[in-house]
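Chains, contacts and geometry: an overview
As a plain string of letters, each chain reads:
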Amino acid sequence: MDVLYHYVGGARVAGTSGRFGPVYNASTGEEAASVPLASADEAREAVATATRAFAAWANETPVNRARVMFRFKALIERDMDKIAEALSREHGKVVSDAKGSITRGLEVVEFACGIPHLTKGEFSNGVGRGIDMYSMRQPLGVCVGITPFNFPAMVPLWMFPIALACGNCFILKPSEKDPTVPLMLGEMLSEAGLPDGVFNVLNGDKEAVETLISDPGVAAVSFVGSTPIAQSIYQTAAGHGKRVQAMGGAKNHLIVMPDADMEQTVDALMGAAYGSAGERCMAVSVAVAVGDAGDQLMERLKPRVESLKVGPSLDPESEMGPLITGEHLAKVKGYVDLGIEEGADLVVDGRELSIQGYEKGFFMGGCLFDQVTDEMRIWREEIFGPVLSVVRAPDFEEALRLPSAHEYGNGVSIFTRDGDAARDFVDRVQVGMVGVNVPIPVPMAFHGFGGWKRSAFGDMNQHGPDGVRFYTRTKTITTRWPTGIRAGAEFTMPTLG
Ligand code: NAD
């Protein structure tokens, strides 16, 4: 069994806390590695290392920082297969899906390659007589990223390429459930020429996180994970004077209007609900069937869910792999039990699935509920597994109300051929990311990713222009070069003009 490490100061560092967590092969259920869980002292040491590296990196020219990102991009492309397989083995998503997620992260590296342009300031000539004014964006210092298990490459890549390109140092505290890929990314950044200590991976749990988000040496915290932790990180880190963005959980709806192309809608739902075993913050977990769309939808959906190819994540034939851990599998199955108790109609039951030769893997088949209502906990709570709930809505207004009334507001989608209905929906729905005939409307790297309501705390999105704003602060300079005329002391508030 492998014993993992931290990556601090450009080197692998063995854990010294004496505490370790298990890392599983999700398909076999075997414990494949153990990951050190950092102590508060180790977390403080990582902050000290990053702090020492900051001045020189912040002084590096934006062009040279961008060149490191260009080389890092080439290395990700070179190692794509290796990264995807490691990701698939630990997380359980199939390799093609792992590659897709790494590509979405790679796009942020590509965005960060444009940093000289992105951090240009503004200039106003002659705002007063002989006075010019300009602004510049400067890095913050040591930034921390705390990331979830479901995207061990993509979510860290939403954060650190922009943070580093802006001139910050970074400490990544990845999920302790799948830490191998984040460690690989750390070594690849060194290979790309990033100076030691600028990027660090500190493995750990609550103890490391609590130390990092309260350490006076940390300037900003980016978090992605579940809502209760997101809220608590937001409050604590902000209470310690840090800039914080904290993304939380989700319950994404897909509205099926009666005029939707049913075949296309079912294809979209299959991928969005069961891809990555539903362990995506943008997974569709509720389909809202409007009017007579309900029966047509169920008739087509049921056989598709029943014939879903579930198998080991490295098998190219598999459409869906296992869940992340046995504990999470038990939680998801518990929600299916709950749905039955609450009176929903379980049309496809994947709870008992077992894969020959992989009996200890964390597998379940796809589950499909019909007749779910907004009073049920299976509608209100995030299940984060391959469970799709179908809610029947009498009309458009009710379909609009459901995602808008939900406490989460991450993603939503409408499938229709009616442009007017789609436009009205886009305008009025109370959700941060909206798709029209697109099931998973994840914004590209040059736009921002961010939900509303209890799906995101803080006012800035991940990546895109907000990423640059988040990882820099503005300095505004007013200049005058007097030519010898001295006006004497002025005691009134200065006004220009
Ligand atoms: P999680 O909240 O359990 O863990 C996220 C991170 O927080 C991990 O690094 C973990 O070690 C740390 N953590 C866990 N408990 C902690 C505690 N008590 N104190 C301090 N730190 C703690 O989330 P997860 O199970 O790893 O990921 C799944 C969740 O992430 C889902 O809710 C999903 O919707 C959400 N997610 C959201 C987005 C988004 O952009 N909104 C993206 C991906 C995942």
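Thresholds, definitions, all that
- Residues numbered from 1 in each chain as written.
- Predicted model: local features only at pLDDT ≥ 70, side-chain atom pairs only at ≥ 80, totals over all residues.
- Heavy atoms only, no water.
- Salt bridge = Lys/Arg side-chain N within 4 Å of Asp/Glu carboxyl O.
- Helix = DSSP H or I, 4+ residues; strand = E, 2+ residues; numbered from the N terminus.
- Buried < 20%, exposed > 50% of the residue type's maximum accessible area, 1.4 Å probe, protein only.
- Contact = heavy atoms within 4.5 Å.
- Polar contact = N/O pair within 3.5 Å; in protein donor to acceptor, adjacent residues only side chain to side chain.
- 1 Å grid on protein atoms, 1.4 Å probe; cavity = no way out; pocket = protein on both sides within 12 Å on 5 of 7 lines; lining within 4 Å.
- Points joined across faces, edges and corners; volume = space filled by probe spheres on them.
- Nonpolar A, V, L, I, M, F, W, Y, C, P; charged D, E, K, R; others polar.
- Domains from an automatic or database assignment.
- Buried area = accessible area lost by both parts, 1.4 Å probe.
- Core = buried A, V, L, I, M, F, W, Y, C linked by side-chain atoms within 4.5 Å.

**Topic: the pattern of salt bridges**
This model, assessed by the stated rule, comprises 29 salt bridges. Taking the shortest distance from any N to any O, the salt bridge between Glu 107 and Arg 104 comes out at 3.0 Å. One end of the pair, Glu 107, and the other, Arg 104, are both in helix H4 (residues 95-112), three residues apart, so they sit about a helical turn from each other. Where Asp 267 meets Arg 304, a salt bridge forms, and the shortest distance between an N and an O atom there is 3.0 Å.

**Structural notes on the environment of Gln 245**
Note that Gln 245 resides in strand E12 (residues 243-247). When its relative accessible area of 2% is taken as the criterion, Gln 245 is described as buried. A C-alpha to C-alpha distance of 15 Å links Gln 245 and Ile 171, two positions 74 residues apart in sequence. In this structure, Gln 245 is in contact with Val 221, Ser 222, Phe 223, Phe 457, Met 460, Asn 461, Gln 462, Phe 470 and Tyr 471, ignoring residues within four places of it in sequence. At 3.1 Å, the side chain of Gln 245 and the backbone oxygen of Asn 461 are in polar contact.

**Remarks on empty space enclosed by the protein**
Summary: where empty space remains is shown by rolling a probe the size of a single water molecule over the atoms. Enumeration over the complete set of coordinates arrives at four cavities of 30 Å³ or more. Approximately 100 Å³ is the volume found for the largest cavity. Taken together, 15 residues form the lining of the largest cavity, with Gly 278, Arg 280, Ala 283, Ser 285 and Phe 384 sitting closest to its centre. Here the lining of the largest cavity is built from residues that sort into eight nonpolar, four polar and three charged.

**Quick word on unusual backbone geometry**
The phi angle at Asn 437 is positive, at roughly 55 degrees, despite the residue not being glycine. Examined against the element boundaries, Asn 437 turns out to sit in the loop between strand E20 (433-436) and strand E21 (452-453). In this structure Asn 437 comes out as partly exposed when scored by relative accessible area, which is 32%. Phi angles above zero are rare outside glycine, and His 463 is one such case at about 45 degrees.

**Section: the domain arrangement of the protein chain**
Considered domain by domain, the protein chain is made up of domain 1 (2-248 + 455-477) and domain 2 (252-436). Domain 1 and domain 2 are separated by 31 Å when their C-alpha centres are compared. Listed as interface residues are 23 residues of domain 1 and, on the opposing side, 24 residues of domain 2. Of the roughly 1900 Å² buried at the junction of domain 1 and domain 2 (both faces included), carbon and sulfur atoms supply 60%. Considering only the surface of domain 1 that becomes buried against domain 2, Ser 27, Val 94 and Ser 455 emerge as the three largest contributors, covering 27% of it.

**Quick word on the layout of surface pockets**
Counted as a void, the largest pocket has a volume near 1000 Å³. Lining the largest pocket are 38 residues, and of these Lys 177, Phe 223, Gly 225, Ser 226 and Ile 229 lie nearest its centre. Mapped by element, the contributors of at least two residues to the lining of the largest pocket are helix H8 (206-214), strand E11 (218-224), helix H9 (227-239) and helix H12 (326-341). In terms of residues, the lining of the largest pocket owes the most to one element, H9, which gives six residues. Formed jointly, the lining of the largest pocket draws a minimum of three residues from each of two domains, domain 1 (2-248 + 455-477) and domain 2 (252-436).

**Here's the deal with the nonpolar core**
If you look at the biggest cluster of nonpolar residues, it comprises 95 residues, and the most contacted ones within it are Phe 72, Leu 164 and Phe 170. Tallying contributions element by element places helix H6 (residues 154-165) first for this core, with 10 residues. For this core, the two domains that each supply at least three residues are domain 1 (2-248 + 455-477) and domain 2 (252-436). In this structure, Phe 170 is in contact with Cys 143, Val 144, Gly 145, Met 159, Phe 160, Ala 163, Leu 164, Val 198, Phe 199, Asn 200 and Tyr 471, ignoring residues within four places of it in sequence. By size, the runner-up hydrophobic cluster in this structure holds 67 residues, among which are Val 288, Val 290, Val 310 and Leu 323.

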